[in-house]
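Structural overview
As a plain string of letters, each chain reads:
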Protein chains: 2
Amino acid sequence: MSEKIAAIDPQPTTGINQSCLQCSLSNLCIPIAVNKDEIDRLEDLIKQGKTINRGDHIFKEHSPFKSLFAVRSGAIKTYSVTEDGEEQVTGFYLPGEIIGLDSTNTDSYSCSAKALERASVCEIPFSQLETLASKIPTLQHHFFSLMSKEIQGSRQLTMLLSKNTAEERIASLLLSLSSRFKLRKLSGTSFRLPMPRNDIGNYLGLAVETVSRVFTRFQKSGLISVQGREVVLEDIDALVDIVKNHSKCINPK
Amino acid sequence: MSEKIAAIDPQPTTGINQSCLQCSLSNLCIPIAVNKDEIDRLEDLIKQGKTINRGDHIFKEHSPFKSLFAVRSGAIKTYSVTEDGEEQVTGFYLPGEIIGLDSTNTDSYSCSAKALERASVCEIPFSQLETLASKIPTLQHHFFSLMSKEIQGSRQLTMLLSKNTAEERIASLLLSLSSRFKLRKLSGTSFRLPMPRNDIGNYLGLAVETVSRVFTRFQKSGLISVQGREVVLEDIDALVDIVKNHSKCINPK
DNA sequence: CGCGCAGTTGAAAGTTTTCAAATGCAGTGG
DNA sequence: CCACTGCATTTGAAAACTTTCAACTGCGCG
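Report follows, based on the coordinates. Everything numeric in this text was worked out from a predicted model, so none of it was measured.

Describing the protein's contact with DNA strand C
Inspection of the region around DNA strand C gives 16 residues, with Ala166, Thr210 and Arg213 of chain A together with Arg213 and Thr216 of chain B positioned closest. Here the atoms of DNA strand C within 4 Å of the protein split so that 47% fall in sugar or phosphate, with bases taking the remainder. Contact between DNA strand C and Arg213 of chain A: a base oxygen at 2.8 Å from a side-chain N or O atom of the residue. In the environment of DNA strand C, a phosphate oxygen lies 3.4 Å from a nitrogen or oxygen atom belonging to the side chain of Arg229 of chain B. Secondary-structure elements contributing two or more residues to the surface near DNA strand C are α7 (208-220) of chain A together with α6 (197-204) and α7 (208-220) of chain B. Element by element, the count of residues in the surface near DNA strand C is highest for α7 of chain B, at four residues. Residues belonging to the surface near DNA strand C are distributed by class as follows: four nonpolar, six polar and six charged.

Below, the structure is given as structure tokens:
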């Protein structure tokens, strides 16, 4: 899905934007045009509006895999526990994004999903979705698409971690959040981080202290303003440059 | 697919193992049991045995996405070029593994695929595959599965890069290759690395020199023997320990 | 036989982590 | 309404790991 952190472009929704599903976010998570009957079947399938409190789990790693979940509001983090018992954050999910796609090949969830703040989600039972998908080609296509995007997102994160400095990683995360907020018609320059520094560091492969130092540095350089979780991106272009100008472009000829 | 480097377990093939496809590797890449008619349709679909020379491309990033490819022999690397013009290796693919799953949501390939050594691949036109998948539920399920596995693999790589030292990353890669060779009934303890140190470093987010030093260190400790690309894993348990004992387990109570 | 690329090795430089400690902020109970 | 406790965040300084730069060795191919 969309912790495609390294991608600056606002990940345009793939499909057609004419869905008639009731949920106002469906154009983000299931933007397919289908006929009345199919819509009904989809709506029957999806259980809308389950509410989750901050810190509560939507599902836990190793528990039986049954459903995907679409985030309606709030923010979710996914994580798994490594062999040596450490938590590893694998993604942050915002409204319109879908959780669980990495577990469709196993009987159990390959990670846990926990609410970073009060949230609500739609449940999509997977086996029924598969059945429906084989009857509605565009739906099948859409889910191949979503999974493919999830792979690409993960690849980009991998690249970010493998080659980029702390500043580049954090600039990337900020830009990713920014563009994802914009997709929801929210401000892309001023928002509240749904997650603590700790999770940011964990996700980006950095020590908390490093995250904090980079925020401070960015603030001192006038790139952003931070007040706890509140962030204002003061100079997006500069942030983009940080991500792009990996090597400082001092190469003429 | 399978650069699920951090996973020590030999990633069991998900499906049923009764495929009657002619290709001897089909139990690795498309292990589904289908009826005669469906097999015929699958075989019509798949163009077998395209040969690629070392250094040749199977497809290039940004070129139109049409097909997935299953590796029959040889080894393939996938990579993409970052904004600053650097190459980033995103995966190594061995026989029985499938390339291109990360591109199914776009019109063009999201990475390039190049042969590390003389190789042969089967081409699987994607749009036809989708059509067939909507008629054969197990096939649809299998491809959801493959993609999900690809996501998990990428996640594991991400974790490896985000939290592990150079030694842990390389031990992981060696174990991953080992288990994947074993899947093909080859030796899991003695094999030839299909890729140069350079690509290993690139893939694992390490400088070539670091890769070299770690190999040397491992050899001095008696964990492995290396002679250029030839590797013998002398003490697999110790390698596993290196990957697992991230934190050295000196924590009683 | 020599060129050139792949791999190895050493030493210095740079980032990030780790350890320690201080500060801020929030919810709880008095 | 304030003090208190606990967690999140920030900061400083030293330690650790990896990279970078340089130089050398080895091997394959023309």
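Right, picking up where we left off after that structure.
Remarks on the relation of the copies chain A and chain B
Structural alignment of chain A on chain B gives an RMSD of 0.0 Å, achieved by rotating through 180° and translating 0.0 Å along the axis. In symmetry terms, the pair is related by a two-fold rotation axis. Relative to the rotation axis, the C-alpha of Ser134 of chain A is the closest in chain A, positioned 2.1 Å from it. Here 100% of the interface residues in chain A have copies in chain B that are interface residues too; the copies meet face to matching face.

Regarding the protein's contact with DNA strand D
Around DNA strand D sit 16 residues in total, of which Ser212 and Thr216 of chain A together with Ala166, Thr210 and Arg213 of chain B are the nearest. Here Ala207 of chain B contributes a backbone N or O atom positioned 3.1 Å from a phosphate oxygen of DNA strand D. Here a base nitrogen of DNA strand D and a side-chain polar atom of Glu209 of chain B are 3.1 Å apart. Of all the secondary-structure elements, those providing two or more residues to the surface near DNA strand D are α6 (197-204) and α7 of chain A together with α7 of chain B. No other element matches the four residues that α7 of chain A contributes to the surface near DNA strand D. When grouped by side-chain class, the residues that make up the surface near DNA strand D number four nonpolar, six polar and six charged.

Re the side chain of Asp102 of chain A
Within the secondary structure, Asp102 of chain A sits in the loop between β6 (98-99) and β7 (112-115). In this structure the side chain of Asp102 of chain A is engaged in a polar contact, spanning 3.4 Å, whose partner is the side chain of Ser103 of chain A. Apart from the residues within four sequence positions on either side, Asp102 of chain A is in contact with Ser110 and Cys111 of chain A together with Ser148, Ile151, Gln152 and Arg155 of chain B.

Brief notes about the pairing of strand β4 (residues 76-81) of chain B
Residue and element names in this part refer to chain B. Counted residue by residue, β4 has five buried out of six residues, so it is predominantly covered. With six bridges connecting them, β4 and strand β5 (residues 87-93) associate as antiparallel partners. Residue pairing for β5: Ser80 is matched across the bridge by Gln88. Remark: five residues form the turn of the hairpin made by β4 and β5, two consecutive strands paired antiparallel; Gly85 in that turn has positive phi of roughly 85°. Inspection of the sheet shows β4 paired to strand β7 (residues 112-115) by four bridges, in the antiparallel sense. Residue pairing in the sheet places Tyr79 in a bridge with Ser112 of β7.

Rules of the game
- Numbering of residues starts from 1 in every chain and runs along the sequence as written.
- To label them, take the chains in the order written and letter them from A, then take the ligands in the order written and number them from 1.
- Thresholds applied to this predicted model are a pLDDT of at least 70 for local features of residues and 80 or more for the giving and counting of side-chain atom pairs; totals over whole chains, interfaces and linings are not thresholded and use all residues.
- Computation of side-chain values: all heavy atoms of the structure, hydrogens and water removed.
- Note on definitions. A residue lies near a molecule or strand when any single heavy atom of the residue is within 4 Å of it.
- Definition of a polar contact: a pair of N or O atoms within 3.5 Å, with one able to donate and the other able to accept a hydrogen when the atoms are protein atoms, and with sequence-neighbouring residues admitted only if both atoms are side-chain atoms.
- Here a strand is any run of E in DSSP of at least two residues, a helix any run of H or I of at least four, and the numbering for each starts at the N terminus.
- Put simply, Ala, Val, Leu, Ile, Met, Phe, Trp, Tyr, Cys and Pro go in the nonpolar bin, Asp, Glu, Lys and Arg in the charged bin, and everything else, Gly too, in the polar bin.
- Least-squares superposition aligns the copies on the C-alpha atoms of those residues with pLDDT at or above 70 in both.
- Throughout, a contact is declared for two residues whenever any of their heavy atoms are within 4.5 Å.
- Under the scheme applied here, a residue whose accessible area is under 20% of the maximum for its type counts as buried, over 50% as exposed, and between as partly exposed, the area being computed with a 1.4 Å probe on protein chains only.
- DSSP bridges decide pairing: two strands pair if at least two such bridges lie between them.

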